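Topology and contacts: notes
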Amino acid sequence: MKIALNRISTRWRLGLTSSAFVFAAAAVAFPLCRSGRVLAAQEKEATRATNSDQATSLNDQTDLAVTVYNSNIALVRDVRNLSLPGGLFRLKFMDIAATVNPATVHFRSLNEPEKLGVVEQNYEYDLLEPAKLLHKYVGKEVTLVRSYQENGTTRREEIKATLLADNNGPVWKIGNDIVTGMYAENLRFPEVPANLYDRPTLLMTLENDGGRKQQVETSYLASNLSWNSDYVLTIGREDKVADLDGWVTLTNNSGTAFHNARLQLVAGDLNRIQNAPAAAGLAMDRMVTKAARAEQFAQENFSEYHLYSLGRKTSVEDKETKQISLLQGSDVPVHKIFLVNGQNFYYHNQQNPGSPIKDNVMVYYKFKNEQKAGLGMPMPAGNVRVYQKDSKGNVLFVGEDRIDHTPKDEMVTIHIGNAFDVVSERKQTDYKRIDTHTWEMEFEITLRNHKDTQITVEVIEPIGGDWEMVNSSYKYTKTAAWAAQFQVPVAANGASVLKYRIRAKW
């Protein structure tokens, strides 16, 4: 033995380092009022899982439904056929989302709900990994395996060692010696500790007074599963019609895959209580898979939200972003709008007195979400990316905007940017005090169009006080108590001047 130990001390030069992460498991207890044995059962139950525990995995699953909200949560309903013993026993419910909120778990029997109940449940997410496995073997014996060269031959050596500690590196006891800084190619463990799990698991204590064959449903809320809408608006060359494609972008970072699931999406502003997260999610890398044109979602009103149900089953892998077609409209009538928004501080040019002030001429596309335009489905909030063909037929990106939830028969307005060839300049040409509380002001707005086509520019002017229009070069509409709107046509490669005078009282 001394010879063997001497060989170890001279040959094993490098240390085996490890790190361990300890997580607290969340537990939620559900008392059963139907049995007087509950407290006794809880006292008898060990805190560790045993080899005699019942287990269920995806192999027992008969139905799966996932309802995803656009607030980064999802409701999962998992139906499984199980063979369960009578009386008190423990069930390992595996293949659940790693981001499950244990406080939301609801377990019930579908065929005998009054005879199968939960006494206690724990959510186990201390998952199996090399560092944790080594840390769990403190005080136990493992086998160290290494290779070494002797007389030109590679030999392998197995040494039994007891792990005394695993703090900033392992401390071993080999024979009568305490050894640190040892190198091993691999470690062999006799078994996996009962309190380490290869996947997130609900560990339930159940009481069954019914039959052995049970169909059970487990539902729970999970985070890091979300969806949003993305739209592609392709404008025709003449700015008259457009094609609209809507996509659901579903992102799954929940820690588990959902196969052959019935998918529903809920759109709306859901009120939620802000609590600390139930379990930490893992850092995920995204993989994007774009689905081919699929069956559209069926839409229905649901409470104060809108529910979209996919007409077929689908699968979403973990760490995956999937796109599914939501809606499609062709030859949707659109209107192109050139808009100038005046501001309250536009009374004079402080930097260059007497010089006009330039305003941005903003460009919008506007269309109505109606059935006769090929649309009519309530549109969830999302990003709209706008494309248009050039003279050679190439589709180019021209801007993007975000829309809010839009019901049917409402207008959708998308801001794509500012006009390059349209210029707006304003100046205040007069300011006169009539009496103690009355003033008159006159403004001049010059619009120059360098495009080869005529356009109409919508000018919206803020006006304070109790005002009236004295005169204006173009017809106006009082759109609010403090705003006037003008529609100003501007000829191709031409200019138009809007002049208006107001009288206001304060």
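All of these numbers come straight from a predicted model, not from anything done at the bench.

Calculation criteria
Residues numbered from 1 in each chain as written. Predicted model: local features only at pLDDT ≥ 70, side-chain atom pairs only at ≥ 80, totals over all residues. Heavy atoms only, no water. Helix = DSSP H or I, 4+ residues; strand = E, 2+ residues; numbered from the N terminus. Buried < 20%, exposed > 50% of the residue type's maximum accessible area, 1.4 Å probe, protein only. Contact = heavy atoms within 4.5 Å. Areas by Shrake-Rupley, 256 points an atom, 1.4 Å probe, with all protein chains shown as cover. pLDDT = per-residue confidence, 0-100. Salt bridge = Lys/Arg side-chain N within 4 Å of Asp/Glu carboxyl O.

A count of helices and strands for the chain gives three helices and 34 strands. By the burial criterion, 43% of the 506 residues in the chain qualify as buried. Considering only contacts within the chain whose residues lie at least 6 apart along the sequence, 73% involve residues at least 24 apart. Summed over its atoms, the accessible surface of the chain is roughly 27100 Å², and 48% of this surface lies on carbon and sulfur atoms.

Right, let's talk about unusual backbone geometry for a bit. Phi at Asn72 takes a positive value of approximately 70°, unusual for a residue other than glycine. As for its position among the elements, Asn72 is in the loop between β3 (61-69) and β4 (73-83). On the basis of relative accessible area, Asn72 is assigned to the partly exposed category, the value being 34%. Phi is positive for Asp331, which is not a glycine, with a value near 55°. Mapped onto the elements of the fold, Asp331 is located in strand β21 (residues 320-333).

A few words now on the confidence of the model for the chain. For the chain, the mean per-residue pLDDT works out to 80, and 79% of the residues sit at or above 70. Below pLDDT 50 for its whole length, residues 1-49 participates in 90 contacts with residues either more than four positions away or in separate chains. A low-confidence stretch, residues 276-295 stays under pLDDT 50, and its non-local contacts, those more than four residues away or across chains, total 39 contacts.

Before going further, it helps to examine the pattern of salt bridges. Inspection of the entire model under this criterion finds 18 salt bridges. For Arg262, the salt bridge identified is with Asp63, shortest N-O distance 2.6 Å. In this pair, Arg262 is assigned in strand β17 (residues 258-267) and Asp63 in strand β3, connecting sequence segments 199 residues apart. When its relative accessible area of 37% is taken as the criterion, Arg262 is described as partly exposed. Among the residues examined, Asp63 registers a relative accessible area of 21% and is labelled partly exposed. Each member of the salt-bridge network shares a partner with another, and the members are Asp430, Glu440, Glu442, Arg501 and Arg503.

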